[in-house]
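Letter by letter, the chains look like this.
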Protein chains: 2
Amino acid sequence: MQSPTFSETPRPFLTWQRILDWAQEHYRVRSFNKDERIPARPGLLYLVQRGAIRLVGTAQVSATASQLTSRRVNRTPEEAFLGFVGAGQPFEIVAQSPFTLQAYAHVDQTSVVWMYWHDLDNWPHFRREVLDAFRYQHQRKLLWLSALGQRRTIDRLLGFLTLLVEEYGEPSFSPEDPEVLRGYCLPFPLTHAQIGSAIGSTRVTVTRLMGKLRQRNLLITQGDNLICLPAESVNIAKR
Amino acid sequence: MQSPTFSETPRPFLTWQRILDWAQEHYRVRSFNKDERIPARPGLLYLVQRGAIRLVGTAQVSATASQLTSRRVNRTPEEAFLGFVGAGQPFEIVAQSPFTLQAYAHVDQTSVVWMYWHDLDNWPHFRREVLDAFRYQHQRKLLWLSALGQRRTIDRLLGFLTLLVEEYGEPSFSPEDPEVLRGYCLPFPLTHAQIGSAIGSTRVTVTRLMGKLRQRNLLITQGDNLICLPAESVNIAKR
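Treat the numbers as computed from the prediction; the structure is a model and nothing was measured.

This paragraph deals with the sheet that holds strand 1 (residues 29–32) of chain B. Residues and elements named next belong to chain B. Overall, antiparallel pairing links the four strands, which are arranged 1-9-3-6 in an open sheet. Sheet topology places strand 1 and strand 6 (90–91) at the edges, where each strand pairs with a single neighbour. Pairing analysis gives two bridges linking strand 3 (residues 44–50) to strand 6, with the strands arranged antiparallel. Across the sheet, the residue bridging to Y46 is F91, located in strand 6.

Time to look at the environment of K34(A). All names here are of chain A. Summarising the element assignment, K34 is placed in the loop between strand 1 (29–32) and strand 2 (37–38). When the C-alpha positions of K34 and A105 are compared, they lie 5.1 Å apart, and in sequence the two are 71 residues distant. Setting aside chain neighbours within four positions, we find K34 in contact with A105, H106, V107 and D108.

Our next topic: the interface of chain A and chain B. Each side of the interface is counted separately: chain A has 64 residues, and chain B has 63 residues. When chain A packs against chain B, the two sides together hide about 5900 Å² of surface, and 60% of this comes from carbon and sulfur. Linking chain A with chain B are two salt bridges. The residue E92(B) makes a salt bridge to R135(A) at a minimum N-O spacing of 2.8 Å. There are four residue pairs in polar contact (both at pLDDT 80 or more) connecting chain A and chain B. Contributing elements (two or more residues each) for the side of chain A that touches chain B: strand 4 (52–59), strand 5 (78–86), strand 7 (95–96), strand 8 (99–105), helix 3 (124–148) and helix 4 (153–168) of chain A. Among the elements that take part in the side of chain A that touches chain B, helix 3 of chain A stands out by supplying 18 residues, more than any other.

A common way to state how big an interface is: give the accessible area lost once the parts meet. Residue and element names in this part refer to chain A. The domain boundaries assigned to chain A delineate domain 1 (1–148) and domain 2 (150–239). Each partner contributes to the interface: domain 1 provides 19 residues, whereas domain 2 provides 18 residues. Interface area for domain 1 against domain 2, summed over the two sides, is near 1700 Å², with a carbon-plus-sulfur share of 62%. Between domain 1 and domain 2 we count two salt bridges in total. Across the pair R140 and E167 runs a salt bridge whose closest N-O atoms are separated by 3.4 Å. Broken down by secondary-structure element, the contributors of at least two residues to the side of domain 1 that touches domain 2 are strand 4, strand 5 and helix 3. Here the side of domain 1 that touches domain 2 takes seven residues from helix 3, the largest share from any one element. Taken together, the residues that form the side of domain 1 that touches domain 2 break down as 12 nonpolar, three polar and four charged.

Across the interface, helix 3 of chain A lies against helix 3 (residues 124–148) of chain B with an axial gap of 8 Å and an inter-helix angle of 35°. Between helix 3 of chain A and helix 3 of chain B the crossing geometry is left-handed. When grouped by side-chain class, the residues that make up the contact of helix 3 of chain A with helix 3 of chain B number 12 nonpolar, four polar and 10 charged.

Okay, the sheet that holds strand 10 (residues 170–173) of chain A next. Residue and element names in this part refer to chain A. Spatially, four strands are ordered 10-11-13-12 in an open sheet, and the strand pairing comes out antiparallel. Single-partner strands in this sheet number two, and they are strand 10 and strand 12 (220–222). Averaged over all adjacent pairs, the angle separating strand axes in this sheet is 40°, with direction ignored. Across four bridges, strand 10 lies against strand 11 (residues 181–185) in antiparallel orientation. Of the residues in strand 11, the one forming a bridge with F173 is L181.

The subject of this paragraph is the confidence of the model for chain A. One rule of thumb: low pLDDT means the predicted coordinates there are not for detailed reading. All names here are of chain A. With 85% of its residues at a pLDDT of 70 or more, chain A shows a mean pLDDT of 85. Here residues 1–10 is modelled with pLDDT under 50, and outside its nearest four sequence neighbours on either side it reaches 24 contacts, counting other chains as well. The low-confidence segment residues 66–74, where pLDDT is below 50, has six contacts with residues more than four positions distant or belonging to other chains. Interface confidence in the predicted complex, given as ipTM, is 0.87; pTM for the same model is 0.88.

Mapped onto the secondary structure, L131(B) falls in helix 3. Residues L131(B) and P39(B), 92 residues apart in the sequence, show an inter-C-alpha distance of 22 Å. Excluding residues within four positions of it along the chain, L131(B) makes contact with R128(A), L131(A), D132(A), R135(A) and W117(B).

With that out of the way, let us pick up the side chain of S172(A). All names here are of chain A. Here S172 shows up in strand 10. With a relative accessible area of 7%, S172 lands in the buried category. What S172 contacts, discounting residues up to four positions off in sequence, is V180, L181, R182, G183, C185 and Q222.

Regular strands place their side chains on alternate faces of the sheet. Residue and element names in this part refer to chain B. The element strand 8 (residues 99–105) is largely enclosed, with a buried count of six among its seven residues. Here strand 2 (residues 37–38) runs beside strand 8; their pairing, made up of two bridges, is antiparallel. When the bridges of strand 8 are listed, I38 appears paired with A103. Across seven bridges, the pairing between strand 4 (residues 52–59) and strand 8 is antiparallel. Bridge assignment links R54 to a residue of strand 8, and that residue is Y104. Bridge analysis of strand 7 (residues 95–96) against strand 8 gives two bridges, and the strand direction is antiparallel.

Turning our attention to the packing of aromatic side chains. Under the definition given, this model contains 22 aromatic pairs over all chains. Measuring from ring centre to ring centre gives 5.1 Å for W144(A) and F160(A), while their planes differ by 70°; the resulting arrangement is edge-to-face. Remark: F160(A) occurs in helix 4 and W144(A) occurs in helix 3; sequence separation between them is 16 residues. In this structure F160(A) comes out as buried when scored by relative accessible area, which is 2%. Note on F81(B) and F160(B): the rings are 6.3 Å apart at their centroids and 90° apart in plane angle, and the pair reads as edge-to-face. You can see F81(B) sitting in strand 5 (residues 78–86) and its partner F160(B) sitting in helix 4 (residues 153–168), a full 79 residues away along the chain. Looking at F81(B), the relative accessible area reads 2%, which means it is buried. In textbook terms, an aromatic cluster arises when at least three aromatic residues are bridged by ring pairs, as seen for F81(A), F84(A), W144(A), F160(A), Y168(A) and F188(A). Sitting over the face of the ring of W114(A), R28(A) holds its NZ or CZ atom 4.3 Å from the ring centroid.

Conventions we followed
Residues numbered from 1 in each chain as written. Chains lettered and ligands numbered in written order. Predicted model: local features only at pLDDT ≥ 70, side-chain atom pairs only at ≥ 80, totals over all residues. Heavy atoms only, no water. Pairing = 2+ DSSP bridges. Helix = DSSP H or I, 4+ residues; strand = E, 2+ residues; numbered from the N terminus. Contact = heavy atoms within 4.5 Å. Buried area = accessible area lost by both parts, 1.4 Å probe. Salt bridge = Lys/Arg side-chain N within 4 Å of Asp/Glu carboxyl O. Polar contact = N/O pair within 3.5 Å; in protein donor to acceptor, adjacent residues only side chain to side chain. Domains from an automatic or database assignment. Nonpolar A, V, L, I, M, F, W, Y, C, P; charged D, E, K, R; others polar. Axes fitted to C-alpha atoms, helices over the stretch in contact; angles between N-to-C directions. Left-handed = near helix turned anticlockwise from the far one by under 90°. pLDDT = per-residue confidence, 0-100. Buried < 20%, exposed > 50% of the residue type's maximum accessible area, 1.4 Å probe, protein only. Phe/Tyr/Trp six-rings, centres within 6.5 Å; stacked < 30°, edge-to-face > 60°. Lys NZ or Arg CZ within 6 Å of the ring centre and 35° of its normal.

Next up, the structure:
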């Protein structure tokens, strides 16, 4: 990857600390438990101070709605997992009918700072960092879309997991020999239903295909269902 | 949509003109014919001056590669359509194994300016516009991913077309009565294979499902295979 991730950017620590202090003073920071929804609104800017949030998109599109209006009303909107936003990263919410984005705390003790864009007038350098972070997130989403463009579900799945582990994975060492790098693992669980929602498939199919990937040693699962990829298939040497 | 599109932003015309003049002087602008590849490299910044480019992602992921190495070599990588970038908009290329992005002129006489990021040091206000444009493109991609998260291919297709027409559609009036707004059309053709590549489906399936959408009056096709949506199903009143 050409661009460093947001948290890798040499952050002017003082600015970040000053922003956190400012957020405390102005009651602009709040903590959330796992799976709690962040009451985020379009037009505002959010920064993850600690933990991680999960972005979820809801589509109310239904190609059958015009014929079966009653069914439309009863139909639960499908939620799609759109990615994580980790500590130090900004996020925002967009809403455009028929799509809605929502943010949930993905782990306990996730804390989020919110601000208006014009609050950043005080920290022009930090605004540029935030915009660069969105630029980087955009690049990642283009790669993600490349993965999803593949026709076979198993290829979409492997491409999707590879991108996630490359971005968020943490090194995992062999239990027998702690000097041997076994692979890289996502630091938090992701359910098969969530994965299915991201790649346009179902929980059942994801479970089946992940079994196949494991058989082929393209995937490792560890402990609490953490998703890991073998070290040789992950391109994060630069981190 | 909260954010205006890049080309709707009240652009300081003088800056844009100055950048184009600068690009001419420094041989930083080039014209391309339809479907010609833009020789874009990661790390540089590109601006579409005229026409439109098509972003395409290639994935070399193959879940069967480890078993069938010979097949992997022969296998044509799948290309996914990742969106358009229209006049006035910036784009950049990312490459991260196993994914590669490429840009193609989508229409004849597409002209593209290229620069280094540090060239923007002369135009700090413009840099902010460019970063805001990427921020907006990121928001659109999140909506796009919401559309692709739907399980049924026909819903993915309709969601995808709705987003494209909302962003790029031009009003189309009834041939009988030019006062009657019929719908909004994409200003350039998009093949069924390209659509399929974006939504993880095939040309054949897209053709079949587009027929269904037409029957249900959720889609109109016009003249040269231009894709149109009925006025009432498009949310671009604000444009």
